[in-house]
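Residue-level listing of the chains:
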Amino acid sequence: MTLRINEIFYSIQGESLYAGLPCIFIRLTGCNLRCVYCDTRYAYHEGMDMTMSEILGQVESYPTEALVEITGGEPLFQVETPDLVKHLLDQDRTVLMETNGSLNISRIDNRCIRIMDVKCPSSLMHLHNDPDNLQRIKPHDQIKFVIETQADYAYAMNILKRLPPDFPISSVLFSPAFGSLSPDLLAKWILQDGLGVRLHLQLHKLIWPNTERGV
Ligand code: SF4
């Protein structure tokens, strides 16, 4: 059994509630969407086939206490991804998975922390959101909106009304589209509406502004 891997690297987690912590990233090749602002187009096709033991061997070359994040591309695009997640969880690692919200997230072991994007209209991919994922999400997961316009912001506000009642609002991340919406404008909207969501900046882009890969 193999997975197609774009890159495996050790860096600082730039997103989510875990931002700032050391993290091993496993970036899988392939994505079923084509967001207009995508910053990982190189992961659509580039990659090499690796066996499970080759992947786990490379992960083990990094500090054992580090987080592990499965990302892409879209991790659920490959059928073997749930097995990879389970292997990592069975090693007692903290495993995060970044997913675009268009595919069934319940395929992944519930011990994994899923960071689910809900695509907004500016991505031109919002019609691909799987609405059932809003019922599959667990309180320990996180939900992210990349917001480029006021219409995206209004769209995200509407989705908030459909979250399960036990889902913590502080685990909802509003992220300004990098280079398109200024963080201070998004902060202003959040404050004026009294939302309890979290303003979310991509830390890795602040630390390494001109680096596309491996961060
Ligand atoms: S889901 Fe992610 S990887 Fe896929 S096109 Fe959108 S931004 Fe790019």
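Starting from 1, residues in each chain are numbered consecutively following that chain's sequence as written. Local features in this predicted model are restricted to residues of pLDDT 70 or higher, and side-chain atom pairs are both shown and tallied only at a pLDDT of 80 or more, whereas totals for entire chains, interfaces and linings draw on every residue.

*Asks:* How should the packing of helix 1 (residues 52–60) against helix 2 (residues 81–90) be read in this particular structure?
*Replies:* If you want to describe how two helices pack, look at the angle between their axes and the distance between the axes. Interaxial angle, 0 to 180 degrees, is taken between N-to-C directions of lines fitted to C-alpha atoms, where a helix line uses only the stretch in contact. Working definition: helices are DSSP H or I runs of at least four residues, strands are E runs of at least two. Numbering for both runs from the N terminus. As a packed pair, helix 1 and helix 2 sit with axes 11 Å apart at the nearest point and diverge in direction by 40°. Classified by the angle between their axes, helix 1 and helix 2 sit oblique to one another. At the point where helix 1 passes helix 2, the crossing takes the right-handed sense. Between helix 1 and helix 2, the residues in contact are Met52, Ile55 and Leu56 and Asp83, Leu84 and His87, respectively. For the contact of helix 1 with helix 2, a count of residues per class yields 4 nonpolar, 1 polar and 1 charged. Every angle not falling under 35 degrees, over 145, or within 65 to 115 is termed oblique; those three ranges are roughly parallel, roughly antiparallel and roughly perpendicular. Whether a crossing is left-handed or right-handed is set by the direction in which the near helix is turned from the far one by less than a right angle, anticlockwise for left-handed and clockwise for right-handed. Throughout, a pair of residues is in contact if the C-beta atoms placed from their backbones lie within 7 Å. Following the grouping adopted for this structure description, the nonpolar residues are Ala, Val, Leu, Ile, Met, Phe, Trp, Tyr, Cys and Pro, the charged ones are Asp, Glu, Lys and Arg, and the polar ones are all others, Gly among them.

*Asks:* Just checking my understanding: could you explain unusual backbone geometry for this structure?
*Replies:* Leave glycine aside and you will find that most residues have negative phi; peptide bonds, for their part, are mostly trans. A cis amide bond, omega 10°, links Gly72 with the succeeding residue Gly73. Its location among the elements puts Gly73 in the loop between strand 4 (67–71) and helix 2. Positive phi outside glycine occurs at Asp92, with the angle close to 65°. Using C-beta atoms placed from the backbone, we call a residue buried if 20 or more other C-beta atoms fall within 10 Å of its own, exposed if 12 or fewer do, and partly exposed for counts in between. By C-beta crowding, Asp92 is classed as exposed, having 9 other C-beta atoms within 10 Å. One non-glycine residue with positive phi stands out, namely Leu124, at about 65°. Take Leu124: it is sitting in the loop between strand 6 (113–117) and helix 3 (133–136).

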